[in-house]
Amino acid sequence: MLLQRLVEYADTVTGADPARAVPAFYARKPVRWSLEIDANGVPRGDLVDTADKDDPQHRFGTERLVPAVTRTVGISPVLAVDNGEYVFGWLSEGAKPERVAKQYAAFRALIVDWAAAEPDGLGPAVAAFYRDGHAGAFQPPADWGRGDLIGFWVDGVYAADTGWARRFWAGVAGDRKGSGRSGLCLVCGQVQPLLKTVPQQIPRRWLPGATQSASLVSMNEAAHGYELQKQLANTPICADCGLKFMTALTGLLSDPLHSTALSGQNARLAWWVLGGSTFDPWATVEQLDPTQIQSLVAGPAGGKAAAVDDLSRYCSVTVGGNVARVVVRDWVEQPVRQVKDNVRAWFGDHRIVDAWTGEVVEVKVSQLARAAGRFEAGRNGGPGTWTKFGASGEHRPPDLFHRLLGAALLKRPLPPKLLNHVINRIRIDGRLDAARAALIRLALRRYPNLPELERERLTPTLSVEHKQPAYVSGRIFAVMDDLQRTVFRVADQKLNTTFAERYFGRAIDNPQVVIVSGRRNVQAWLKRLRGPLRRPNWSEAYERRLDDLFVQLGVAIPRGAVLTDKAQFILGYHQQRAEMRAERLAAAANKKKTDLPPEPDDVKPTTNDEGDDV
């Protein structure tokens, strides 16, 4: 099914844009060096370097269509464009002279065969370049690399991508990769000439964990195949399908609009949509496109859109690498309508209030994965940041990003240890922001066997109807911390360590100990507000809030909290803190009255997110 859907995607892409069609046994690769010759094979100057180190699109040369088949240990030249060992017989560091000599001879022999087969094409000019000894005049440039491709141009025409070259190369590559027999192709279901091996490989840069370019289907040893048969003897695939699915998968993995991977994560995910739907799951859950989100939440406006979604399918494949093999870690095919429903549920489960702005926000998947790692505090009170993906000591599960994507798009269960992991990071780092609070709420709402009524009370903002003891304890802790900050600010005293900074980690594990001991501090702080600081109204406001919360809590202050209680405490603390700040912002804008003291104007966020490095 995976290969069939890739072939369908290839047909869809080439049908919509014929210019993007890749000829048989060709691939798009950067060609760094250009060599111009005339119709008689005489060079028109030296090699021209097309690489531009300052331009990411041309860092390794100008991308062109290049004859391409999988090369392993054998000598296998391609037509009119190849590396320096084949084109000129140049010796690179570590190369074996006798092997390079054979490569050079094989490339020249292929040019001679091309000239004989296509006498009206450009082959005779390239053959004359070698016959007349012009190749010996070229020496390797100072910055030449062994993998650099060198392409011939004849009177301004790129020789490798002409009708003569395509026709001749299709026959050569077909003979190399064909099995010499016909049969029923497993992909298209037609009787076609079958492949001996898959003709192309995926570059290793698109396969996390691979050390070489890798094949999607390969049986190089008898022990790998059914009935001890090597290559594709028992996996009949025709040449047309083999070229299409390899071209499609390579194109998807290299397209930032259709694939993603993060450093340190062990896989790369690619996706595509078949059937005509314009739904873009990536723009919805990762780029947080407001238009996409609004359209998703509003639902289809008419029956036509609904019909298109019903007939369209979302496909995704998650791949990694192992030396020279593609490891398919996951393959998914679902109706687009179901994926949209899953994404709606995703937003509903993780949306959270931002304690700084007071607004309810959605968090992109990569930021959720980022926030699950270690937080590095800034120096001398400066803004902190998250440890980068793949860095030493990042302390992130290696597959977290793709597990979260699966939860977002397919409504799969979250990793079982995610909630405990995030709570431990909050306790160790002393760091709680919107992204981590969103992970807490998401994990709670999708916690197995959670009663539906309790799930509904886990709202994005403060839920006054939610009377769960650990949640109320978190709210009490937030009010206590806010009270202390107010007292020291009014007294114009420097506060080296806040109540939350000192006791937050301990309170997560055992709210009872911290809250009971904290009440003694509360009485002292209230007394200072009423007396020396002359703020009796503020003292009464804090006292009323705390009394109301303690009434909700009763006598059962939780201690020795279980995992869900720890999460409830964190969520209550975050949402209470956000609610108090929202009250102050509304009061400052004359939109609402509050009995809370205002915050100073110089309060600023204490973090600096790592930014987009997807």
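What counts, and at which threshold
Residues numbered from 1 in each chain as written. Predicted model: local features only at pLDDT ≥ 70, side-chain atom pairs only at ≥ 80, totals over all residues. Heavy atoms only, no water. Helix = DSSP H or I, 4+ residues; strand = E, 2+ residues; numbered from the N terminus. Rg over C-alpha atoms; globule rule 2.2 N^0.38 Å. Buried < 20%, exposed > 50% of the residue type's maximum accessible area, 1.4 Å probe, protein only. Contact = heavy atoms within 4.5 Å. Pairing = 2+ DSSP bridges. Axes fitted to C-alpha atoms, helices over the stretch in contact; angles between N-to-C directions. Phe/Tyr/Trp six-rings, centres within 6.5 Å; stacked < 30°, edge-to-face > 60°. Lys NZ or Arg CZ within 6 Å of the ring centre and 35° of its normal. Salt bridge = Lys/Arg side-chain N within 4 Å of Asp/Glu carboxyl O. Disulfide = S-S within 2.5 Å. pLDDT = per-residue confidence, 0-100. Parallel < 35°, antiparallel > 145°, perpendicular 65-115°, else oblique. Left-handed = near helix turned anticlockwise from the far one by under 90°. Core = buried A, V, L, I, M, F, W, Y, C linked by side-chain atoms within 4.5 Å. Expected span 1.5 Å × (residues − 1).

Peer 1: Looking at this model, I keep getting lost on the overall build of the protein chain. Mind explaining?
Peer 2: Within the protein chain, the regular secondary structure consists of 20 helices and 17 strands. Over its C-alpha trace the protein chain gives a radius of gyration of 32 Å, far above what one expects of a compact globule, namely 25 Å for 614 residues. Seen through its C-alpha atoms, the protein chain measures out along the principal axes to roughly 105 × 50 × 50 Å. Expressed as a percentage of the 614 residues in the protein chain, the buried residues total 48%. Summarising the internal contacts of the protein chain: among those between residues at least 6 apart in sequence, 69% fall at separations of at least 24.

Peer 1: Is there a simple way to explain the sheet that holds strand β10 (residues 210-215) in this structure?
Peer 2: Strands in a sheet are paired, the pairing made by backbone hydrogen bonds, and the direction either parallel or antiparallel. Pairing in this open sheet of four strands is mixed, and the strands run β10-β13-β12-β11 from one edge to the other. Single-partner strands in this sheet number two, and they are β10 and β11 (259-260). Pairing geometry for β11 and strand β12 (residues 268-274), over two bridges, is antiparallel. Bridge pairing links Ser259 to Ala270 in β12. Running at roughly 95 degrees to strand β13 (residues 313-335), helix α10 (residues 336-350) makes contact with β12 and β13 of the sheet.

Peer 1: I would appreciate a short explanation of the packing of aromatic side chains in the present structure.
Peer 2: The geometry of an aromatic ring pair is captured by two quantities: the separation of the ring centres and the angle between the planes. Summed over the entire model, instances satisfying the criterion amount to 23 aromatic pairs. The interplanar angle of 50 degrees and the centroid separation of 6.0 Å between the aromatic rings of Phe129 and Phe138 together place this pair among those described as tilted. Relative accessible area serves as the criterion here: at 8%, Phe138 is assigned to the buried category. A cation over an aromatic ring shows up here: Arg64 above the ring of Tyr158, its NZ or CZ 5.6 Å from the ring centre. Cation over ring: Arg581 sits above Trp356, and NZ or CZ is 3.9 Å from the ring centre.

Peer 1: Would you mind going over the pattern of salt bridges with me for this structure?
Peer 2: Where charged atoms of side chains with opposite charge meet at close range, the side chains can pair. Following the criterion strictly, the structure yields 35 salt bridges and no others. Its salt-bridge partner being Arg313, residue Glu8 comes within 3.1 Å of it at the nearest N-O pair. Remark: Arg313 occurs in strand β13 and Glu8 occurs in helix α1 (residues 2-16); sequence separation between them is 305 residues. By relative accessible area, which is 27% here, Glu8 ends up partly exposed. Here Lys566 and Asp509 are joined by a salt bridge, their closest N and O atoms 3.5 Å apart. Remark: Asp509 occurs in helix α17 (residues 499-509) and Lys566 occurs in helix α20 (residues 563-588); sequence separation between them is 57 residues. Via salt bridges that share partners, Arg5, Glu8, Arg313 and Glu333 belong to a single interconnected network.

Peer 1: Would you mind showing me how to read unusual backbone geometry here?
Peer 2: The backbone of Asp155 sits at a positive phi, close to 50 degrees, despite the residue not being glycine. Checked against the element boundaries, Asp155 lands in the loop between β6 (149-154) and β7 (157-158). Of note in the backbone geometry, Arg534 takes a positive phi value of approximately 55 degrees without being a glycine. Looking at the secondary structure, you find Arg534 in the loop between α18 (511-530) and α19 (536-553). A relative accessible area of 70% places Arg534 in the exposed class.

Peer 1: Can you walk me through the state of the cysteines in this structure?
Peer 2: In protein chemistry, a disulfide is the covalent bond that joins the sulfur atoms of two cysteines. What the rule picks out here adds up to zero disulfides. With no disulfide of its own, Cys188 lies closest to Cys185 among cysteine sulfurs, the gap being 3.7 Å.

Peer 1: How should I be thinking about the confidence of the model for the protein chain in this particular structure?
Peer 2: Note: predicted coordinates in regions of low pLDDT should not be interpreted at a detailed level. Per-residue pLDDT for the protein chain averages 86, and the proportion of residues at 70 or more is 91%. Under a pLDDT of 50 for its full length, residues 601-614 has, in the predicted model, 35 contacts with residues more than four places off or in other chains.

Peer 1: I keep staring at the packing of helix α14 (residues 434-445) against α20 and nothing clicks. Help me out?
Peer 2: In contact at an axis separation of 10 Å, α14 and α20 are set at 135 degrees when each is read in the N-to-C sense. The orientation of α14 with respect to α20, classified from their angle, is oblique. In this structure, the crossing between α14 and α20 has a hand that is left-handed. Within the contact between the two elements, α14 uses Ala434, Ala437, Ile440, Arg441 and Leu444 and α20 uses Thr564, Ala567, Gln568, Ile570, Leu571 and His574.

Peer 1: Can you walk me through the nonpolar core in this structure?
Peer 2: In a soluble, globular protein the nonpolar side chains are often hidden away together inside. Membership of the largest hydrophobic core comes to 88 residues, with the highest contact counts inside it found for Trp346, Leu404, Ile440, Ile476, Phe477 and Phe504. Broken down by element, the residue count for this core peaks at 10 residues, all from helix α16 (residues 469-490). Those residues in contact with Phe477 that lie beyond four places of it in its chain are Phe499, Ala500, Tyr503, Phe504, Ala507, Val514, Phe569 and Tyr573. With 47 residues, the next largest nonpolar core counts Ile37, Leu65, Val69 and Ala135 among its residues.

Peer 1: Got a minute to help me understand the packing of α16 against α17 in this structure?
Peer 2: Packed helices, taken two at a time, are described by their axes: the angle between them and the distance between them. One way to put it is that α16 packs onto α17 with a least axis distance of 10 Å and a crossing angle of 160 degrees. By the angle between their axes, α16 is roughly antiparallel relative to α17. The chirality of how α16 crosses α17 is right-handed. Between α16 and α17, the residues in contact are Phe477, Met480, Asp481 and Gln484 and Phe499, Ala500, Tyr503, Phe504 and Ala507, respectively.

Peer 1: What am I meant to see in α14 here?
Peer 2: Each full turn of the α-helix corresponds to 3.6 residues, which orients residues three or four apart in the same direction. An ideal rise of 1.5 Å per residue puts 16 Å on 12 residues; α14 measures up with 16 Å between its terminal C-alpha atoms. By the criterion of burial, α14 is predominantly enclosed, with 12 of the 12 residues buried.

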